[in-house]
Amino acid sequence: MADFRLFNTLSGSKEVFTPTDPKRITMYVCGPTVYNYAHIGNARPVVVFDCLYRFLSAQYPEVVYARNITDIDDKIIHAASERGCGIESVSAEFTTKYREDMAALGALTPTIEPMATEHIEEMVALTERLIAEGHAYSADGHVLFAVESMPGYGALSGRKLDDMLAGARVEVADYKRHPGDFVLWKPSTDSEPGWDSPWGRGRPGWHLECSAMIRAHLGEAIDIHGGGRDLIFPHHENERAQSCCAYGGDFVRHWVHNAYVDMDGEKMSKSLGNVRTVRELRERYPGEVLRFALLSAHYRSPLNFSGDLLGGARGTLDTFYGALRRHVDVPLIDLPVERTAVYAALLDDLNTPEAIAALHAAATTLNKTSDQNEVARAKAELAVGGGLLGLLQADPEAWFKASSGADDLSADQIDALIEERLAARAGRNFARADEIRDALEEQGVLLDDGPDGTQWRRRG
RNA sequence: GGCUCGGUGGCAGAGUGGUUAUGCAGCGGAUUGCAAAUCCGUCAACGCCGGUUCGAUUCCGACCCGAGCCUCCA
């Protein structure tokens, strides 16, 4: 098996991926806090790690992929109180919407989707253990992790304890022994959701759930832990502290973080108010277009989001599907995935732009050659390599003819007009033929005349 | 202030110590009744200043600019 080189945030360099147990790969990716619609920036890690999941699944017999749902959090409590309902109703609604949106992007369902509220017991147990080991203390109804108790705290985000104090912009609660200490458990008021614990009725801190759920579902150490770049600190740093101090060992083999989707050079975020939700984008673009756009830059590079990006993605997919449509009759040969150029590109830290370049090469081959062996090989590259990226799995005809609105012309109506135009052309009545073509174009239907007849597609 | 990361042709976006990534756009051509699609050709880049080197966009250093984290955040 060829080496797969994957960047590790902890070391700051690409490392050969060497799983702890090649028979069972474990990957955990931080999922959503379900209090609102997911935006296209939230979708980036989903698509990136879905791609990684597909790539690993092609190489190893079992890949356990867990993506959590954070269904207890102060933001959810907030949203619920504004609506005057329970947090369950908010989190249930947005969990469903999240799953719909991510499915539309072609993301496979993770092996496990653990919910935070179903793991409170494990979180309490983990907290007790940290206290017993001298890494945590209770104070003023809270339980806090003592960062000074961990040698090497800060290694993931590359900071030292002293540096963190220098830039502290928030006032430090006086019950903390060290300003960097973070909450494992906090008290709930009567109106807030809470669970009984040795420290009274309360709820878990943000970082605790991931440590507890990883332990419960994947084991003490995992191969890959992923998420967006902004999770490095404090979330992953603290998660690492919790798990390493509770169970010892390395906890995570590869820390993998994706860069952001930018809006006019700034990151897209709910707090900046410049978000585009997946939901609204889906009304205008097929999910595959959004997916392609998200894969068009390397996952560690920022991706500038724009209408041009999406328009370009649509056009490129048209090119690929057009090449496939030219050869619908050619049977798909059984090309082993590891022999595709897409696979080879992904071997280098998931280089999706290079993989897409390989797809372009295959499409060009398909468009120009008449050699049946080359055609079969190129078609397989597009289908199999595309599959690795979660792309190009639709039927080409369906791709071009998919209707976006109820008032579109039906396929039958279009076919009838094409017949009429064909007759006009045969009689060299080009004025009438062009009239029909223009009329169809006004309805968003484009015609392509070829040696074997006329094909049509809807404008994207 | 501390800590990170980045600055590639008109745009998007890979990569490399010496030989044009790729795509879009542009230009020229082939093809077409005209188009569209497609194909061929073509233009064009590595922030700035030093250093290392036979040779640097690629390594090192300074500088300028941008982004991010340090607070919830993919």
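Residues numbered from 1 in each chain as written. Chains lettered and ligands numbered in written order. Predicted model: local features only at pLDDT ≥ 70, side-chain atom pairs only at ≥ 80, totals over all residues. Heavy atoms only, no water.

## Overview of the overall build of chain A
Working step 1: Across its full length, chain A carries 16 helices and 15 strands.
Working step 2: Dimensions of chain A, computed from the C-alpha atoms along their principal axes, are close to 90 × 55 × 35 Å.
Working step 3: Sorting the 460 residues of chain A into buried and exposed places 52% on the buried side.
Working step 4: In chain A, once contacts between residues fewer than 6 apart in sequence are set aside, the share between residues at least 24 apart is 75%.
Working step 5: Split by element, the accessible area of chain A, about 20,700 Å² in all, is 47% carbon and sulfur. (Helix = DSSP H or I, 4+ residues; strand = E, 2+ residues; numbered from the N terminus. Buried < 20%, exposed > 50% of the residue type's maximum accessible area, 1.4 Å probe, protein only. Contact = heavy atoms within 4.5 Å. Areas by Shrake-Rupley, 256 points an atom, 1.4 Å probe, with all protein chains shown as cover.)

## Quick look at the pattern of salt bridges
In a structure, side chains of opposite charge can pair up when their charged atoms sit close to one another.
Working step 1: Per the stated rule, a full pass over the model turns up 30 salt bridges.
Working step 2: One salt bridge connects Arg 215 with Glu 220, and the closest N-O pair in it is separated by 2.6 Å.
Working step 3: Glu 435 is paired through a salt bridge with Arg 432; the nearest N and O atoms lie 2.7 Å apart. On the criterion of helical spacing, the pair formed by Glu 435 and Arg 432 is a turn pair, its members being three residues apart in helix α16 (residues 430-442).
Working step 4: Here Glu 435 falls in the partly exposed class, since its relative accessible area comes to 48%.
Working step 5: Salt bridges linked by common partners bring Asp 74, Lys 186, Glu 192 and Arg 203 together as one network. (Salt bridge = Lys/Arg side-chain N within 4 Å of Asp/Glu carboxyl O.)

## A closer look at the packing of aromatic side chains
Working step 1: Across all of its chains, the model carries eleven aromatic pairs by this definition.
Working step 2: Centroid distance Phe 55 to Tyr 343: 5.2 Å. Interplanar angle 55 degrees. Geometry classified as tilted. In this pair, Phe 55 is assigned in helix α1 (residues 40-57) and Tyr 343 in helix α11 (residues 341-346), connecting sequence segments 288 residues apart.
Working step 3: With relative accessibility at 0%, the residue Phe 55 sits in the buried group.
Working step 4: Put simply, the rings of Phe 4, Phe 17, Phe 55, Tyr 60 and Tyr 343 touch in pairs and so form one group of aromatic residues.
Working step 5: Here the basic side chain of Arg 177 rests over the ring of Tyr 137, its NZ or CZ set 3.8 Å away from the ring centre.
Working step 6: Taking the ring centre of Tyr 247 as reference, the NZ or CZ of Arg 215 above it sits at 4.1 Å. (Phe/Tyr/Trp six-rings, centres within 6.5 Å; stacked < 30°, edge-to-face > 60°. Lys NZ or Arg CZ within 6 Å of the ring centre and 35° of its normal.)

## Structural notes on the pairing of strand β10 (residues 252-258)
Working step 1: Counting buried residues in β10 gives six out of seven residues, a clear majority hidden from the surface.
Working step 2: Relative to β10, strand β9 (residues 222-228) runs parallel, the two sharing six bridges. Across the sheet, the residue bridging to Ile 222 is Val 252, located in β10.
Working step 3: With helix α7 (residues 232-247) bridging β9 and the parallel β10, this β-α-β connection has right-handed handedness. (Pairing = 2+ DSSP bridges. Right-handed = clockwise from strand over helix to strand, strands pointing away.)

## Looking at the pairing of strand β14 (residues 445-450)
Working step 1: Both β14 and strand β15 (residues 453-458) contribute to a ladder of six bridges, which runs antiparallel. Looking at β15, one finds that Asp 449 is bridged to Thr 454.
Working step 2: Linking β14 back to β15 in an antiparallel pair, the connection comprises two residues.

## What about the packing of α1 against helix α13 (residues 372-389)?
Working step 1: Running from amino to carboxyl end, α1 crosses α13 at an angle of 125 degrees, the nearest separation of the two axes being 7 Å. Here α13 runs oblique to α1, going by the angle between their axes. Contact with α1, carried on its side by Cys 51, Arg 54 and Phe 55, involves Gly 387, Leu 388 and Leu 389 of α13 and no other residues of that element. (Axes fitted to C-alpha atoms, helices over the stretch in contact; angles between N-to-C directions. Parallel < 35°, antiparallel > 145°, perpendicular 65-115°, else oblique.)

## Quick word on the domain arrangement of chain A
Working step 1: One can read the domain layout of chain A as domain 1 (5-258), domain 2 (300-399) and domain 3 (403-458).
Working step 2: In this structure, domain 2 and domain 3 have C-alpha centres spaced 28 Å apart.
Working step 3: Tallying the contact residues gives four residues for domain 2 and five residues for domain 3.
Working step 4: Counting each side, the surface lost to burial between domain 2 and domain 3 is near 260 Å², with a carbon and sulfur contribution of 16%.
Working step 5: Across the contact surface, domain 2 and domain 3 share zero salt bridges.
Working step 6: Connecting domain 2 to domain 3 are one residue pair in polar contact (both at pLDDT 80 or more).
Working step 7: The biggest single contributor to the side of domain 2 that touches domain 3 is helix α10 (residues 307-326), with three residues.
Working step 8: The class makeup of the residues in the side of domain 2 that touches domain 3 is no nonpolar, no polar and four charged. (Domains from an automatic or database assignment. Buried area = accessible area lost by both parts, 1.4 Å probe. Polar contact = N/O pair within 3.5 Å; in protein donor to acceptor, adjacent residues only side chain to side chain. Nonpolar A, V, L, I, M, F, W, Y, C, P; charged D, E, K, R; others polar.)

## Here we look at unusual backbone geometry
Working step 1: Note the cis peptide between Phe 233 and Pro 234, where omega equals 0 degrees.
Working step 2: Of note, Pro 234 is situated in helix α7.
Working step 3: A positive phi angle, close to 55 degrees, is found at Asp 140, a residue other than glycine.
Working step 4: Mapped onto the elements, Asp 140 comes out in the loop between β5 (136-139) and β6 (142-145).
Working step 5: According to the relative accessible area criterion, Asp 140 is exposed, its value standing at 58%.
Working step 6: One non-glycine residue, Arg 428, lies in the positive phi region at around 55 degrees.

## Details of the side chain of Thr 352
Working step 1: For Thr 352, the position within the fold is in helix α12 (residues 352-368).
Working step 2: Judged by its relative accessible area of 4%, Thr 352 falls in the buried class.
Working step 3: Looking at Thr 352, its side chain comes within polar contact range of the main-chain oxygen of Ala 297, at 3.5 Å.
Working step 4: In this view, Thr 352 contacts Cys 51, Leu 295, Ala 297, His 298, Leu 346 and Leu 389; residues no more than four positions away in its chain are not counted.

## A few points about the confidence of the model for chain A
Working step 1: Residues at a pLDDT of 70 or more form 98% of chain A, whose mean pLDDT is 93.
Working step 2: Taken element by element, the predicted model of chain A shows its lowest mean pLDDT in helix α5 (residues 161-166) (67) and its highest in strand β4 (residues 63-67) (98).
Working step 3: Across the interfaces of the predicted complex, the ipTM metric reaches 0.95, alongside a pTM of 0.96. (pLDDT = per-residue confidence, 0-100.)

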